[in-house]
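# Coordinates in review
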Amino acid sequence: MLHQVVNIAAVTVLGVIEQAYFSLQVIYARRKYSVSPPSTTGPPEFERVFRAQANCSEYFPIFVITLWVTGVFFSQAAACVCGLLYLYGRLMYFQGYSESAHGRLAPLYFSAKVLWTLIGLAALGVLNTMCDLHLGLDALQQLCGF
Amino acid sequence: MLHQVVNIAAVTVLGVIEQAYFSLQVIYARRKYSVSPPSTTGPPEFERVFRAQANCSEYFPIFVITLWVTGVFFSQAAACVCGLLYLYGRLMYFQGYSESAHGRLAPLYFSAKVLWTLIGLAALGVLNTMCDLHLGLDALQQLCGF
Amino acid sequence: MLHQVVNIAAVTVLGVIEQAYFSLQVIYARRKYSVSPPSTTGPPEFERVFRAQANCSEYFPIFVITLWVTGVFFSQAAACVCGLLYLYGRLMYFQGYSESAHGRLAPLYFSAKVLWTLIGLAALGVLNTMCDLHLGLDALQQLCGF
Ligand SMILES: N[C@@H](CCC(=O)N[C@@H](CS)C(=O)NCC(=O)O)C(=O)O
Ligand SMILES: N[C@@H](CCC(=O)N[C@@H](CS)C(=O)NCC(=O)O)C(=O)O
Ligand SMILES: N[C@@H](CCC(=O)N[C@@H](CS)C(=O)NCC(=O)O)C(=O)O
């Protein structure tokens, strides 16, 4: 059982460590630019780091959820590949956004494409399992059989 | 195994698509009202769309977690019905809040009620499984047996 | 199967209830200090409550994810103990931050330490399962056998 999800779990833990790294960067930025909580506004340099982490945090649950649904209902390998690409894209996003608002755009488009792929695969896997359950028809397996 | 959770997975994917839709609306609102990142303030029309998405994102993990705990420990059917009602309530919340701050209230109360129901059912399912485990007593099954 | 995760599920539901409590506190603070949505700024008393809930919400998915990965891949008991400590730390954080910005620091360090412990145990459990899968070597079990 665990063997069927251990790689997704590994990607998930990697994602958690990435999020922790982003949070630490916000704490350093708060010190560097003297922006004491509860304030969240300050020089644009600070606000970009703050927003980069906020944006990544906002999408993180969506990412983890689609990673697992894809891994369980579609394919663990496909989920892991997309997962690693997404985490790489988000690292680029964070670094790009920290440097300039424009720098966030290219990695944002990249990670959005990867996320949409994950959403599509998750939906496909779930629909296929539903077909299998209600119609006794495992379309994905049949397609792969050709 | 998968058949016992496939409907919850379907509601989850639907929820993810709803969140993606809310995010796209914020991106359109940023263009329409010329609010460039990292700024998050602007005309009230923009701020309402921005906050509507932020509020829905904040509650999304809580929703998905209680959906799955209810679906696994209480009943998949009950979880799915509440899940669909919640997602409908959040769509209404987003549209209401986009139009006026007051417009968010009725759907907020509705989705809060559904979420509390999910939390209650999740707690009930978990407590029942704990009783079963420690006391050998499956109260829910006994109640349903009457 | 369910018996192996029911205690983690219980801690998760407790965490959800804590988050719901934090949200209610923000609603009360909005009334008390007359900060109507979509605004998120106001007197420091309000902003501290608002940010305390925002910060806890931001970390909540990370907490739940590492709780489950630790509980499934390492040990349910260890996950539950860390989980309860984390939730206690976050309650202290929320109350401390509500009173003063400085009041958030001690519980923040405490809950960060607990979270890093959970991340470490999750990584250890996943690595061990991978070793077991690829090398046929269950290091944790061997260590415990001594
Ligand atoms: N919360 C986001 C939702 C939409 C989104 O993901 N926007 C992209 C493209 S404009 C972004 O990089 N936002 C920057 C940010 O969130 O600070 C926002 O405020 O923009
Ligand atoms: N983050 C929320 C937490 C509490 C909540 O969910 N409040 C409801 C009722 S006042 C809401 O619609 N908030 C509007 C918002 O989050 O912008 C807040 O700032 O209000
Ligand atoms: N979003 C957080 C990320 C980093 C973090 O967790 N910071 C700690 C230590 S400075 C905190 O208590 N932040 C207060 C807050 O989020 O309002 C922030 O803006 O600070």
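Residues numbered from 1 in each chain as written. Chains lettered and ligands numbered in written order. Predicted model: local features only at pLDDT ≥ 70, side-chain atom pairs only at ≥ 80, totals over all residues. Heavy atoms only, no water.

Right, let's talk about unusual backbone geometry for a bit. Residues and elements named next belong to chain A. In this structure, proline 38 follows proline 37 across a cis peptide bond, with omega equal to 5°. Mapped onto the elements of the fold, proline 38 is located in the loop between α1 (6-32) and α2 (44-73). In this structure, serine 34 is a non-glycine residue whose phi angle is positive, near 50°. The exposed category is assigned to serine 34, whose relative accessible area is 61%. (Helix = DSSP H or I, 4+ residues; strand = E, 2+ residues; numbered from the N terminus. Buried < 20%, exposed > 50% of the residue type's maximum accessible area, 1.4 Å probe, protein only.)

Take the relation of the copies chain C and chain A next. With an RMSD of 0.0 Å, the fit of chain C onto chain A corresponds to turning through 120° and sliding 0.0 Å along the axis. Taken together, the rotation and translation relating the two chain copies correspond to the operation of a three-fold axis. Across chain C, the smallest distance between a C-alpha and the rotation axis is recorded for Pro61(C), namely 3.7 Å. The two copies present different faces, since only 4% of the interface residues in chain C are matched by interface residues at the equivalent positions in chain A. (Least-squares fit on C-alpha atoms with pLDDT ≥ 70 in both. Contact = heavy atoms within 4.5 Å.)

All names here are of chain B. Put simply, helix α1 (residues 6-32) and helix α2 (residues 44-73) touch, their axes get as near as 9 Å, and they point 170° apart. With respect to α2, the element α1 is oriented roughly antiparallel. Here the residues of the contact of α1 with α2 sort into 17 nonpolar, 8 polar and 1 charged. (Axes fitted to C-alpha atoms, helices over the stretch in contact; angles between N-to-C directions. Parallel < 35°, antiparallel > 145°, perpendicular 65-115°, else oblique. Nonpolar A, V, L, I, M, F, W, Y, C, P; charged D, E, K, R; others polar.)

Okay, the site of ligand 1 next. Near ligand 1 there are 15 residues, and of these Asn55(A), Tyr59(A), Tyr97(A), Arg104(A) and Arg30(B) occur at the shortest range. Surrounding ligand 1 are residues belonging to chains A and B, so the site spans chains. Between an oxygen atom of ligand 1 and a side-chain N or O atom of Asn55(A), the distance comes to 2.7 Å. Arg104(A) has a polar side-chain atom sitting 2.7 Å from an oxygen atom of ligand 1. Look at ligand 1: alone it shows 450 Å² of surface, and the protein chains cover 96% of it. Contributing elements (two or more residues each) for the shell around ligand 1: α2 and α3 (76-99) of chain A together with α1 and α2 of chain B. Among the residues making up the shell around ligand 1, the classes are represented as 8 nonpolar, 3 polar and 4 charged. (Near = heavy atom within 4 Å. Polar contact = N/O pair within 3.5 Å; in protein donor to acceptor, adjacent residues only side chain to side chain. Areas by Shrake-Rupley, 256 points an atom, 1.4 Å probe, with all protein chains shown as cover.)

Our focus in this paragraph is α1(A). Between its first and last C-alpha atoms α1(A) spans 39 Å; for 27 residues at 1.5 Å apiece the expected length is 39 Å, and the two agree. Backbone geometry just downstream of α1(A) places Ser34(A) in the positive-phi region, at approximately 50°. (Expected span 1.5 Å × (residues − 1).)

Looking now at the site of ligand 3. Ligand 3 sits among 15 residues. The nearest are Arg30(A), Asn55(C), Tyr59(C), Tyr93(C) and Arg104(C). Ligand 3 sits at the junction of chains A and C, each of which supplies nearby residues. Here an oxygen atom of ligand 3 and a side-chain polar atom of Arg30(A) are 2.7 Å apart. Note that an oxygen atom of ligand 3 is positioned 2.7 Å from one of the side-chain N or O atoms of Asn55(C). Out of a free accessible area of 440 Å², ligand 3 has 97% covered by protein chains. For the shell around ligand 3, the secondary structure elements donating two or more residues are α1 and α2 of chain A together with α2 (44-73) and α3 (76-99) of chain C. Residue composition of the shell around ligand 3, by class: 8 nonpolar, 3 polar and 4 charged.

Turning our attention to the relation of the copies chain B and chain A. By a simple turn and slide, chain B fits onto chain A: the slide is 0.0 Å along the axis, the RMSD is 0.0 Å, and the turn is 120°. A share of only 4% of the interface residues of chain B reappears at the interface of chain A, consistent with the copies meeting through non-equivalent patches.

Our focus in this paragraph is the environment of Leu84(B). Residues and elements named next belong to chain B. Inspection of the secondary structure puts leucine 84 in helix α3 (residues 76-99). A residue is classified by how much of its surface remains accessible, and leucine 84, at 43% relative accessible area, is partly exposed. For the pair leucine 84 and tyrosine 109, spaced 25 residues apart in sequence, the C-alpha separation works out to 16 Å. In this view, leucine 84 contacts Val11 and Leu14; residues no more than four positions away in its chain are not counted.

Bringing the interface of chain C and chain A into the picture now. Listed as interface residues are 25 residues of chain C and, on the opposing side, 24 residues of chain A. Here chain C and chain A share 2 residue pairs in polar contact (both at pLDDT 80 or more) between them. Of all elements in the fold, only α2 and α4 (105-135) of chain C reach the threshold of two or more residues within the side of chain C that touches chain A. No other element matches the 13 residues that α2(C) contributes to the side of chain C that touches chain A.

It is worth spelling out the nonpolar core at this point. Among the nonpolar cores identified, the biggest contains 84 residues, and Phe63(A), Phe63(B) and Phe63(C) are the most heavily contacted of them. If we ignore the near neighbours within four places in the chain, the residues touching Phe63(C) are Val11(C), Gly83(C), Tyr86(C), Leu87(C), Leu115(C) and Leu118(C). (Core = buried A, V, L, I, M, F, W, Y, C linked by side-chain atoms within 4.5 Å.)

Below, the discussion takes up the interface of chain B and chain A. A common way to express how large an interface is: the accessible area buried when the components associate. Facing 24 residues of chain B, the contacting portion of chain A comprises 25 residues. For the chain B and chain A pair, buried surface summed over both sides reaches about 2100 Å², with 80% attributable to carbon and sulfur atoms. Where chain B packs against chain A, one counts 0 salt bridges. Linking chain B with chain A are 2 residue pairs in polar contact (both at pLDDT 80 or more). At the level of secondary structure, the elements contributing two or more residues to the side of chain B that touches chain A comprise α1 and α2 of chain B. Sorting elements by how many residues they give to the side of chain B that touches chain A places α1(B) first, with 12 residues. Residues that form the side of chain B that touches chain A fall into these classes: 16 nonpolar, 8 polar and no charged. (Buried area = accessible area lost by both parts, 1.4 Å probe. Salt bridge = Lys/Arg side-chain N within 4 Å of Asp/Glu carboxyl O.)

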